[in-house]
Amino acid sequence: VNRWPLFQQMSTAISDQMDRSDPNRVREVVLDLTQVAWISSDGLNALIRLHASTRQTGRTLRLVSLSETVADVFRMTRLERTFEMESPEQEASMA
């Protein structure tokens, strides 16, 4: 099943929201991945593009509530070095 159109649509919707927001007021984009059980290469590519577009506008992208499975994918691909990420455990310890 090709999920790329779904990921492209999600990325476009988020980018459109960023374009409409004031970069001086919205400095950080937070994506809650609580309901994401796994992520494909298409999903990673969409997040990489989104990360690039947030950086171009002087914003940061933070991924929160990653499941262990999704966090493993980021570690295996070494993308944990690129993205600002927080697992549910990290979020709980900060509360």
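Quick caveat: nothing in here was measured; it's all calculated off a predicted structure.

Participant: Outline the environment of leucine 66, supporting the account with residue identities and numerical values.
Facilitator: Tracing the chain through its elements places leucine 66 in the loop between β2 (60–64) and α3 (68–76). C-alpha of leucine 66 to C-alpha of aspartate 32: the two residues are 34 residues apart in sequence and 7.7 Å apart in space.

Participant: Can you lay out the confidence of the model for the protein for me, pointing to particular residues and giving the numbers?
Facilitator: Averaged over the protein, the pLDDT score is 82; the fraction of residues at 70 or greater is 82%. The lowest-confidence element of the protein is helix α4 (residues 88–94), averaging 58 in pLDDT; the highest-confidence one is α3, averaging 94.

Participant: Talk me through the nonpolar core; I want residue IDs and the actual numbers.
Facilitator: Core analysis: the biggest nonpolar cluster contains 18 residues, and Leu31, Leu47, Leu61, Leu63, Leu66, Phe74 and Phe83 have the highest contact counts within it. Of all elements in the fold, only α1 (4–20), β1 (28–32), α2 (41–56), β2 and α3 reach the threshold of two or more residues within this core. Excluding residues that lie within four positions of it along the chain, leucine 61 makes contacts with Val29, Leu31, Leu47, Leu50, His51, Thr54, Phe83 and Glu84.

Participant: Break down the sheet that holds β1 for me, citing the residues and quoting the values.
Facilitator: In spatial order, the strands read β1-β2-β3; together these three strands make up an open sheet with parallel pairing. Each edge of the open sheet is held by one strand with a lone partner, namely β1 and β3 (84–86). Ignoring which end each strand starts from, the neighbouring axes of this sheet average 20 degrees apart. Bridging between β2 and β3 involves three bridges; their strand directions are parallel. Following the sheet pairing, valine 64 is matched in β3 by glutamate 86. Against the sheet, α2 engages β1 and β2, with an angle of about 140 degrees to β2.

Participant: How would you summarise the pairing of β1 if you had to cite specific residues and measurements?
Facilitator: Residues Val29 and Leu31 line the buried face of β1, whereas the alternating positions Glu28, Val30 and Asp32 sit on a face that is not buried. The pairing of β1 with β2 spans five bridges and is classified as parallel. From the neighbouring strand, leucine 31 faces β2, where its bridge partner is leucine 63. For the handedness criterion, the β-α-β arrangement of β1, α2 and β2 is classed as right-handed.

The rules behind the values
Residues numbered from 1 in each chain as written. Predicted model: local features only at pLDDT ≥ 70, side-chain atom pairs only at ≥ 80, totals over all residues. Heavy atoms only, no water. Helix = DSSP H or I, 4+ residues; strand = E, 2+ residues; numbered from the N terminus. pLDDT = per-residue confidence, 0-100. Core = buried A, V, L, I, M, F, W, Y, C linked by side-chain atoms within 4.5 Å. Buried < 20%, exposed > 50% of the residue type's maximum accessible area, 1.4 Å probe, protein only. Contact = heavy atoms within 4.5 Å. Pairing = 2+ DSSP bridges. Axes fitted to C-alpha atoms, helices over the stretch in contact; angles between N-to-C directions. Right-handed = clockwise from strand over helix to strand, strands pointing away.

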